[in-house]
Amino acid sequence: MAIGALFMKATLVFLALSLETTCTNSQSCLTSDGSVCCVVMYRNVVRYKTLAYHTYYVCNGDGGIPCKKRNPCSVCTSTSYQAVSVQTMESYMSFACCTGYSETGGSCYDINECASNKGGCVQNCHNNPGSYTCSCNAGYSKNGLYGCNDIDECASNNGGCDQNCQNNPGSYTCSCNAGYSKNGFHGCKDTIECDSNNGGCDQNCQNNPGSYTCSCNAGYSKIGFHGCKDIDECVNSNGGCDHICVNTEGSYFCECEQGYGLQGFHTCVEVIFGFSSPALTVHENEGIVHLTVVLNDTHEETTVVTFTTASDTANAPSDYVAVSDSLTFPPGASEQSVSIVIQDDQVLEGTEWFLAVLAASGVKVQLVITIQDDDSIVIGFLNSEINSISEKEGNISVLFGVVSGTLGLALNVEVTTVDESTKGDFIGVSVNTTLTPSSPNASVSIIILQDNVVEDTESFSVNLMLVTQGLGQAVSIEPVKTSMFIIDQDVVTVGFKPDYLEVIETDELVTLTVVLLAGALERDLVVTVMTNFSSIDYSVELIFTTGVSSLTVDVPIWKHTELFYGQLRSLDRAAILNPNNVTVVVTKMPVNEPPLVLISSSVASAVFIVALLAVVLMIVIIIAITTKNRNKKKMLGQKNRERKDTGNENVEAEYDEIELKKKDSHVYDVPDSNVLRGRKQNYFLRNNKVDEVENCYEIDLKKNDSYDSYIKQPC
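Residues numbered from 1 in each chain as written. Predicted model: local features only at pLDDT ≥ 70, side-chain atom pairs only at ≥ 80, totals over all residues. Heavy atoms only, no water.

I'd like to hear about the state of the cysteines, residue by residue, with values.
Enumeration over the complete set of coordinates arrives at twelve disulfides. Covalent S-S linkage joins Cys-121 and Cys-134, the inter-sulfur distance amounting to 1.8 Å. Taking the torsion about the sulfur-sulfur bond, which here is approximately -70 degrees, the covalent link between Cys-121 and Cys-134 counts as left-handed. Here Cys-134 lies in strand S9 (residues 131-135) and Cys-121 lies in the loop between strand S7 (107-110) and strand S8 (124-128), a separation of 13 residues in the sequence. Among the residues examined, Cys-134 registers a relative accessible area of 9% and is labelled buried. (Disulfide = S-S within 2.5 Å. Helix = DSSP H or I, 4+ residues; strand = E, 2+ residues; numbered from the N terminus. Buried < 20%, exposed > 50% of the residue type's maximum accessible area, 1.4 Å probe, protein only.)

Tell me what's going on with the sheet that holds strand S36 (residues 430-435), and back it up with residues and numbers.
On the basis of which strands lie adjacent, the open sheet formed by five strands has the order S33-S41-S39-S35-S36 and mixed pairing. For this open sheet the edge positions go to strand S33 (388-390) and S36, each flanked by a neighbour on one side alone. When the angles between neighbouring strand axes are averaged without regard to direction, this sheet yields 25 degrees. Both strand S39 (residues 458-466) and strand S41 (residues 481-487) contribute to a ladder of six bridges, which runs antiparallel. For Phe-460, the partnering residue across the bridge sits in S41 and is Met-484. (Pairing = 2+ DSSP bridges. Axes fitted to C-alpha atoms, helices over the stretch in contact; angles between N-to-C directions.)

Run through the layout of surface pockets, naming residues and quoting values.
Considering only enclosed or pocket space, the largest pocket measures out at about 1,100 Å³ in volume. Forming the walls of the largest pocket are 35 residues, and the residues nearest its centre are Tyr-220, Glu-249, Leu-409, Ala-410 and Leu-411. (1 Å grid on protein atoms, 1.4 Å probe; cavity = no way out; pocket = protein on both sides within 12 Å on 5 of 7 lines; lining within 4 Å. Points joined across faces, edges and corners; volume = space filled by probe spheres on them.)

I'd like a rundown of the environment of Thr-436, residues and numbers included.
Here Thr-436 lies in the loop between S36 and strand S37 (441-447). With 26 residues separating them along the chain, Thr-436 and Ala-410 place their C-alpha atoms 4.5 Å apart. The contact partners of Thr-436, leaving out residues within four places of it in the chain, are Leu-407, Leu-409 and Ala-410. A polar side-chain atom of Thr-436 sits 3.0 Å from the main-chain amide nitrogen of Ser-439. (Contact = heavy atoms within 4.5 Å. Polar contact = N/O pair within 3.5 Å; in protein donor to acceptor, adjacent residues only side chain to side chain.)

Would you mind going over the sheet that holds strand S50 (residues 575-577) in detail, with residue names and values included?
Here four strands make up an open sheet; going across it, the order is S48-S44-S42-S50 and the pairing mixed. Both outer strands of the open sheet, strand S48 (550-556) and S50, are each paired with one neighbouring strand and no more. Direction aside, neighbouring strands of the sheet carry axes that sit 25 degrees apart on average. Of the pairings in the sheet, the one linking strand S42 (residues 492-496) to strand S44 (residues 509-518) comprises four bridges and is antiparallel in character. In the sheet register, Thr-493 faces S44, and the bridge partner there is Ala-518.

Below, the structure written as structure tokens:
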């Protein structure tokens, strides 16, 4: 019976694999989504009998749509499908799925190759019906089927950059030379340095392509790149003056002694007219100043002298009201009075002066009128409310200038930084800046350094100092300094290592290790280790200090605990806890484990001899039992043959044991019959498992049933 079934199966397999398949002409093909399926007719054959014809579909090449069921035909290559067999009592059919599809429940489904390791693609994997493709990110080019190579954009036309091109993995950047700023992604434009604080120049700023230059007015000489200083023309040869040389800011003039007038710029000659005093000083708030003009000699004719004012550091009409008049002296007259209005302008200008000039017959006499300023200003920090900065912001701009009052002259101010607690976490500055009436405010940029170190909030100060001299109490600085605070935003990663432990209950303690996995510390960081044992809480604080990378804590193992967890917690915003859990498995010690006994060499020899004698005795017993069983089997076989001769095979008086003999590699045979029949039979296997059958039945004894022997028991 078994041999017949196996023969039938082999026949069905052979016939199914030899099914007649016919791919019809193009009129019989189905087209869907641009793919063609071939119509296949084949027979279901069982025992040489055709039961029915069935129509299925097969994909036309690897690009075909996933047909519901497929059968191999000429349109699929021999390596593009896998055979799947389905057997029923009525038919045996074979169908296959093309490359890129897998069979499930008699249907073909697309395999998503990208689901496993991205299909081997270095960057991007795209699943397609029956296949997949690899692609690269922007900035990369394909290298073979799977790989990607970086594209050096700078190698072609400098990447389109106006000046500098820097290639990066998957991209590139354009940058500009000093003196230029970015204009879009590729472009560069000249930086107009003179637009910001006059380029830092004391007087004149000249912009050039990619740079700028500072220059000084006439009467000044350059100091460094930005500065200008007054030239004292009187130092050399008295400025060429006959009598007195007076140096002024950016210029000079000549004066003559009393009784002399200036002819031209340098020459002094005797005159009969002049002022009653050689110089005059007034306060800005006096309002009007009165001058007396005198003739030093008697005269019989009318004398006319011209009176005018000339600006120098004081200017009309902001500082005084200009006057231009003719003074007529009748015969015998010796003096006349002239009035000049002084303006009180509420602008800090410092001490200024202008000239009162008498002129007649090409000779002039000058009087220096000095105005003492009574105004004042306050300079200080204009954004002092912004006194903190995040470390990751990169830099901070500190604005300073005139807080109150009006500036009417140039002031040199020095800005410096002082490190208070940052330990070098910023780039210090020391800058001289000029505040002018047109630019009374300025700023300085301070670069904050990112160090990836967890620290406390740190501070530094920015200080202001007035460099310009001679203004006395007219200029005050409030405040002199402002403190800036750097808010640290760095983090560290702390976690259990390892995060899984196995311990023995008798250990009583388990050591948990908490490790600083990433980042660095320059301050204390507190973490809490917590465990839970059946609602019994245990916690301990660990403090990481500078230079400490790992800490341990011994946790008690509570009795009757098989598994518990440890957890990390921290209120510190700088702490990233990962892994923040540890699993501890507690193993119980085996009960009644034999103790380890140490014996001497003489005792060991005696034990070995006794054990050897025991083994020899055991072998003798086994040989005796085996001989007895063999004789018994011979007797049982003889008794069984006697029952066959009498025709009585169902003797119910006693147990029979029948030896199974191996017939071939597939079937075990019985000496008396291939098939055993009976109303009720119990089969007891040697491994004490019972297979019990209540009714009469038919069974084939096969090799994989592992029936070495059985005992036939009466019904």
